[in-house]
Amino acid sequence: MTYSINRETYKMSAYHLTKVAHLFGILAIILMLVWLLHFRGGIEYDSDSSNRVFNVHPFLMFCGFIFLSGEAIMAYKTVRATRNVQKYVHMILNLCSICLGIVGICAVFKFHDMVNVEDVYSLHSWIGISTFCMFGLQWLFGLVTFMFPKASPNARAMMLPWHVCGGRAIFFMAICAALTGLMEKATFSGLQHQPEARLINFTGLSILLFGIFVDLSVALARFM
């Protein structure tokens with residue numbers, strides 16, 4: 001009886017934490033849109049303005065790549081559906097993350113070409129490129145091992161903990177890349193002690209809290 005009560009408690013806690021994660025994720029999207037549209041001049045990939053082209057990068061890397069990958073993580077554990085439905089939602093959301101992430105990375109390379117800046121020179125870029133490459137490999141590994149052609153039951157059982165732990169580690173690497181990118185932009189633009197800098201700080205804090213509550217929700221969901 002005690003075990004049943006504990007399982008129900010964990011289930012409700014996981015669902016509540018998922019709601020909090022969504023709250024911080026949506027807040028981060030709103031703050032980022034305010035920053036990019038109000039302070040940075042807008043978002044446009046094909047613009048003649050280098051700033052508008054650059055703005056595609058932070059928008060898609062969070063609102064596309066990080067937010068959707070967080071949704072994919074939560075969907076696998078906290079969505080009330082059959083296991084196969086959870087798997088397909090998880091894989092499709094992560095695939096969408098990869099596609100939007102590719103566009104976001106292309107945008108920053110295009111920006112560097114427009115302003116004649118060296119590519120992949122900062123800690124942010126090193127973390128970001130490494131994270132994205134690992135994310136792609138993780139997705140391919142999950143597709144081959146768990147979806148199609150699918151490994152044997154014993155192999156899947158053995159590899160699942162590594163897949164889960166690797167996914168959570170890559171997710172926090174993406175959060176780290178986002179935070180270092182925001183800090184880099186604020187520093188290089190000389191925004192210290194300005195309203196825009198405070199907005200960037202709140203955006204970064206919201207992104208971090210989104211990541212924390214995503215991880216907490218799936219950690220508790222293990223006991224459901």
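Computed from a prediction, not measured in an experiment: that's the story for all the values here.

Asker: So what's going on with the packing of aromatic side chains? Which residues, and what values?
Answerer: Under the defined criterion, the tally for this structure stands at 10 aromatic pairs. Ring centres of phenylalanine 62 and phenylalanine 210 lie 6.1 Å apart, and the angle between their planes is 85 degrees; this geometry places the pair in the edge-to-face category. Of this pair, phenylalanine 62 sits in helix α2 (residues 50–78) while phenylalanine 210 is found in helix α6 (residues 195–221), placing the two residues 148 residues apart along the sequence. Neither phenylalanine 62 nor phenylalanine 210 differs from the other in exposure class; each is buried. With 6.2 Å between their ring centres and 85 degrees between their planes, phenylalanine 141 and phenylalanine 146 make a pair best called edge-to-face. The buried category is assigned to phenylalanine 146, whose relative accessible area is 10%. By way of ring pairs, the aromatic residues Phe62, Phe67, Phe171, Phe172 and Phe210 are connected into one cluster. When the ring centre of tyrosine 76 is taken as origin, the NZ or CZ atom of arginine 83, which lies over that ring, is 4.9 Å away.

Asker: Just give me the short version of the UniProt feature "transmembrane region" (unreviewed entry) in the chain, but keep the residues and values in it.
Answerer: Summarizing the sequence annotation, UniProt attributes the feature "transmembrane region" (unreviewed entry) to residues 20–39, 59–76, 88–111, 123–148, 160–182 and 202–221 in the numbering used throughout. In this annotation, residues 20–39 is assigned 100% helix and 0% strand; the end-to-end C-alpha distance for the span is 28 Å. For residues 59–76, the end-to-end C-alpha separation is 25 Å, with 100% helix and 0% strand making up the annotated structure.

Asker: A description of the packing of α2 against helix α3 (residues 83–115) should follow, citing residues and the corresponding values.
Answerer: One way to put it is that α2 packs onto α3 with a least axis distance of 7 Å and a crossing angle of 165 degrees. Considering their axes alone, α2 and α3 lie roughly antiparallel with respect to each other. Note that α2 runs across α3; the crossing there is left-handed.

Asker: Please give an account of a nonpolar patch on the surface that cites residues and values.
Answerer: A contiguous nonpolar surface patch, about 420 Å² in accessible area, is contributed by Met114, Val115, Val117, Tyr121 and Phe188. Mapped onto the fold, tyrosine 121 is located in the loop between α3 and α4 (123–147). With a relative accessible area of 35%, tyrosine 121 lands in the partly exposed category.

Asker: Please provide a residue-by-residue account of the UniProt feature "domain: Cytochrome b561" (unreviewed entry) in the chain, values included.
Answerer: In the numbering used here, UniProt assigns the "domain: Cytochrome b561" (unreviewed entry) feature to residues 20–219. The span residues 20–219 shows a helical share of 84% and a strand share of 0%, and its end C-alpha atoms are spaced 14 Å apart.

Asker: Please give an account of the nonpolar core that cites residues and values.
Answerer: Core analysis: the largest hydrophobic core is formed by 40 residues, its most contacted members being Phe62, Ile66, Ile207 and Phe210. Within the residue set of this core, elements represented by two or more residues are α1 (2–39), α2, α3, α4, α5 (153–188) and α6. The element best represented in this core is α1, accounting for nine residues. Setting aside its immediate chain neighbours within four residues, phenylalanine 62 contacts Gly25, Ala28, Ile29, Met32, Phe67, Ile207 and Phe210.

Asker: So what's going on with the environment of tyrosine 121? Residues and values would help.
Answerer: Each C-alpha atom, one on tyrosine 121 and one on serine 97, is 24 Å from the other, the two residues being 24 residues apart in sequence. Sequence-distant contacts of tyrosine 121, defined by excluding residues within four places in its chain, comprise His112, Trp126, Glu184 and Phe188.

Asker: Break down the pattern of salt bridges for me, citing the residues and quoting the values.
Answerer: A full pass over the atoms with the stated rule returns four salt bridges. Notably, a salt bridge pairs aspartate 46 with lysine 110, separated by 3.8 Å at the nearest N-O pair. Of this pair, aspartate 46 sits in the loop between α1 and α2 while lysine 110 sits in helix α3, and the two are 64 residues apart along the sequence. Here aspartate 46 falls in the exposed class, since its relative accessible area comes to 62%. Among the residues examined, lysine 110 registers a relative accessible area of 25% and is labelled partly exposed. The salt bridge partner of arginine 168 is aspartate 215, with a shortest N-O separation of 2.7 Å.

Calculation criteria
- Residues numbered from 1 in each chain as written.
- Predicted model: local features only at pLDDT ≥ 70, side-chain atom pairs only at ≥ 80, totals over all residues.
- Heavy atoms only, no water.
- Phe/Tyr/Trp six-rings, centres within 6.5 Å; stacked < 30°, edge-to-face > 60°.
- Helix = DSSP H or I, 4+ residues; strand = E, 2+ residues; numbered from the N terminus.
- Buried < 20%, exposed > 50% of the residue type's maximum accessible area, 1.4 Å probe, protein only.
- Lys NZ or Arg CZ within 6 Å of the ring centre and 35° of its normal.
- UniProt positions renumbered as here; feature names shortened; annotations may be inferred.
- Axes fitted to C-alpha atoms, helices over the stretch in contact; angles between N-to-C directions.
- Parallel < 35°, antiparallel > 145°, perpendicular 65-115°, else oblique.
- Left-handed = near helix turned anticlockwise from the far one by under 90°.
- Patch = residues over 30% accessible without salt bridge, like charges linked within 9 Å, V, L, I, M, F, W, Y side chains within 5 Å.
- Areas by Shrake-Rupley, 256 points an atom, 1.4 Å probe, with all protein chains shown as cover.
- Salt bridge = Lys/Arg side-chain N within 4 Å of Asp/Glu carboxyl O.
- Core = buried A, V, L, I, M, F, W, Y, C linked by side-chain atoms within 4.5 Å.
- Contact = heavy atoms within 4.5 Å.

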